[in-house]
Structure formats: C-alpha cells, structure tokens
Amino acid sequence: MPLFGRRKSKPATDKKEGASLEFHIRSVDEAEEILEALQGLKEAQAQEEFSKVDSAVQAFFGSPSWAACKRAVETLRHTLFGDTAKHILVIMAAQSRNEGDEEGERLFRAHLDLLMRCRRDGIDAAFARARKQDPDTYGWS
C-alpha cells in the first residue's frame, strides 16, 4: 500500500545508491564541523562583545574628571546603555562589598546611578543634576 500516494523506497543495493549514501554521510560530517566552527565563532563574538563593554565601563569608571566622564558616556553611550554594562557595575559593587571595600562599593553604585540617570533622563540632564547634587561623590573637580 502506498505511503502518502507513493511507494516505499527500496534499500540501497547498487553502487550508485551506495555512493550517494557516502556523499550524504560526508555532507553530514562536514555540516557538523561547520556547526562546531559557528559555535566557536559565536563564543568568540560574545567574548569580544563583553570585552568591548568592559572597556567602555573602565573608560567611564576610570575617568579623571566630570568632563572626561561625560565625554566617555557621550562617545560610548550605545555600549554603556546596554544591560551588560549595568551588570558589570552591579557585580563590581557587590564584589567590593564582599571584600569590605566600602569606598569601592560606594563609587561603583554612584557610577551605576549616574549611568542609569543618563539612560533615563539624558546625558546632559543627568550630569547637570549629579554635579549640582553630588559634586564630591565621584572625587572629580
């Protein structure tokens, strides 16, 4: 009885069908190798993206002045406004707290707050507010 209106195919018995089967097996093996390479590429891209965000956070956090920090945010806003940057600052604040570094925790939290205000209110408004309300929080002049 036909399956879906066609006859069931017979098992491969001749050389042509056997060669075709070997071709498909090689194709599957090659496809698996390609998938493994793509997975490695994906992991490398994720690592590269994380490094990019980490560098942006370091530029933001390590800025020596209000002006330098604001320039860092303006230049790197597309990277800094993502969740990864926020998570890095949260982790660094928690790590500082766990190490008993109250000043480090305070600075990471202050930078996180400033960054979140930049995302929410805009860079100019956030920096104007921070300079007015928290002029000594960051240790900048």
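Residues numbered from 1 in each chain as written. Predicted model: local features only at pLDDT ≥ 70, side-chain atom pairs only at ≥ 80, totals over all residues. Heavy atoms only, no water.

Q: I'd like a rundown of the overall build of the protein, residues and numbers included.
A: Looking only at helices and strands, one finds five helices and zero strands in the protein. Each helix (α) and strand (β) of the protein, taken in turn from the N terminus, gives the series α-α-α-α-α. A total of 141 residues make up the protein; the buried ones form 24% of that total. Summed over all atoms, the accessible surface of the protein reaches about 10,300 Å², with 54% contributed by carbon and sulfur. (Helix = DSSP H or I, 4+ residues; strand = E, 2+ residues; numbered from the N terminus. Buried < 20%, exposed > 50% of the residue type's maximum accessible area, 1.4 Å probe, protein only. Areas by Shrake-Rupley, 256 points an atom, 1.4 Å probe, with all protein chains shown as cover.)

Q: So what about the pattern of salt bridges? Which residues, and what values?
A: Tallying each qualifying case throughout the model produces seven salt bridges. Between Arg 97 and Glu 105 there is a salt bridge whose closest N-O contact spans 3.8 Å. Judged by its relative accessible area of 41%, Arg 97 falls in the partly exposed class. For Arg 120, the salt bridge identified is with Asp 121, shortest N-O distance 3.0 Å. The exposure class of Arg 120 is exposed, given its relative accessible area of 56%. What emerges from the salt-bridge pattern is a single network uniting Arg 97, Glu 105 and Arg 109. (Salt bridge = Lys/Arg side-chain N within 4 Å of Asp/Glu carboxyl O.)

Q: Residue-level account of the environment of Tyr 138, with values.
A: Take Tyr 138: it is sitting in the segment after helix 5 (123-133). Sequence separation between Tyr 138 and Ala 110 is 28 residues; the distance between their C-alpha atoms is 7.4 Å.

Q: Can you explain the nonpolar core? Please cite residues and give values.
A: Formed by 23 residues in total, the largest nonpolar core has its most connected members in Phe 60, Leu 80, Leu 114 and Phe 127. At the level of secondary structure, the elements contributing two or more residues to this core comprise helix 1 (15-61), helix 2 (66-80), helix 3 (83-98), helix 4 (102-121) and helix 5. Broken down by element, this core gets its largest block of residues, six residues, from helix 4. Excluding residues within four positions of it along the chain, Phe 127 makes contact with Trp 66, Cys 69, Lys 70, Val 73, Leu 114 and Cys 118. (Core = buried A, V, L, I, M, F, W, Y, C linked by side-chain atoms within 4.5 Å. Contact = heavy atoms within 4.5 Å.)

Q: Which residues make up the packing of helix 3 against helix 4, and what values go with them?
A: The contact between helix 3 and helix 4 brings their axes to 7 Å, and the two run at 160°. Between helix 3 and helix 4, the interaxial angle falls into the category roughly antiparallel. Relative to helix 4, helix 3 is oriented so that their crossing is left-handed. Touching Asp 83, Ala 85, Lys 86, Leu 89, Val 90, Met 92, Ala 93, Ser 96 and Arg 97 of helix 3 are Gly 104, Glu 105, Phe 108, Arg 109, His 111, Leu 112, Leu 115, Met 116 and Arg 119, all from helix 4. Tallied by class, residues from the contact of helix 3 with helix 4 come to nine nonpolar, three polar and six charged. (Axes fitted to C-alpha atoms, helices over the stretch in contact; angles between N-to-C directions. Parallel < 35°, antiparallel > 145°, perpendicular 65-115°, else oblique. Left-handed = near helix turned anticlockwise from the far one by under 90°. Nonpolar A, V, L, I, M, F, W, Y, C, P; charged D, E, K, R; others polar.)

Q: Outline the side chain of Arg 117, supporting the account with residue identities and numerical values.
A: By secondary structure assignment, the location of Arg 117 is in helix 4. Judged by relative accessible area, Arg 117 falls into the buried class, the value being 3%. In this view, Arg 117 contacts Gly 122, Ala 126, Arg 129, Ala 130, Asp 134 and Tyr 138; residues no more than four positions away in its chain are not counted.

Q: Go over a negative patch on the surface with me, naming the residues and quoting the values.
A: The grouping of Asp 29, Glu 30, Glu 32, Glu 33 and Glu 36 at the surface amounts to a negative patch. One can find Asp 29 in helix 1. (Patch = residues over 30% accessible without salt bridge, like charges linked within 9 Å, V, L, I, M, F, W, Y side chains within 5 Å. Lys, Arg positive; Asp, Glu negative; His and termini not counted. Charge placed at Lys NZ, Arg CZ, Asp CG, Glu CD.)

Q: Tell me what's going on with the packing of aromatic side chains, and back it up with residues and numbers.
A: Counted according to the given criterion, the structure contains two aromatic pairs. Seen in terms of ring centroids, Phe 61 and Phe 108 are 4.2 Å apart; in terms of plane orientation they differ by 10°. Their pairing is stacked. Here Phe 61, found in helix 1, pairs with Phe 108, found in helix 4; they are 47 residues apart in sequence, far enough to count as distant. When the centroid spacing of 6.2 Å and the interplanar angle of 80° are considered together, the rings of Trp 66 and Phe 127 count as edge-to-face. Residue Trp 66 is found in helix 2, and its partner Phe 127 is found in helix 5; the two are separated by 61 residues along the sequence. Classification of Trp 66 by relative accessible area gives buried; the value is 3%. Assessed through its relative accessible area of 3%, Phe 127 is described here as buried. (Phe/Tyr/Trp six-rings, centres within 6.5 Å; stacked < 30°, edge-to-face > 60°.)

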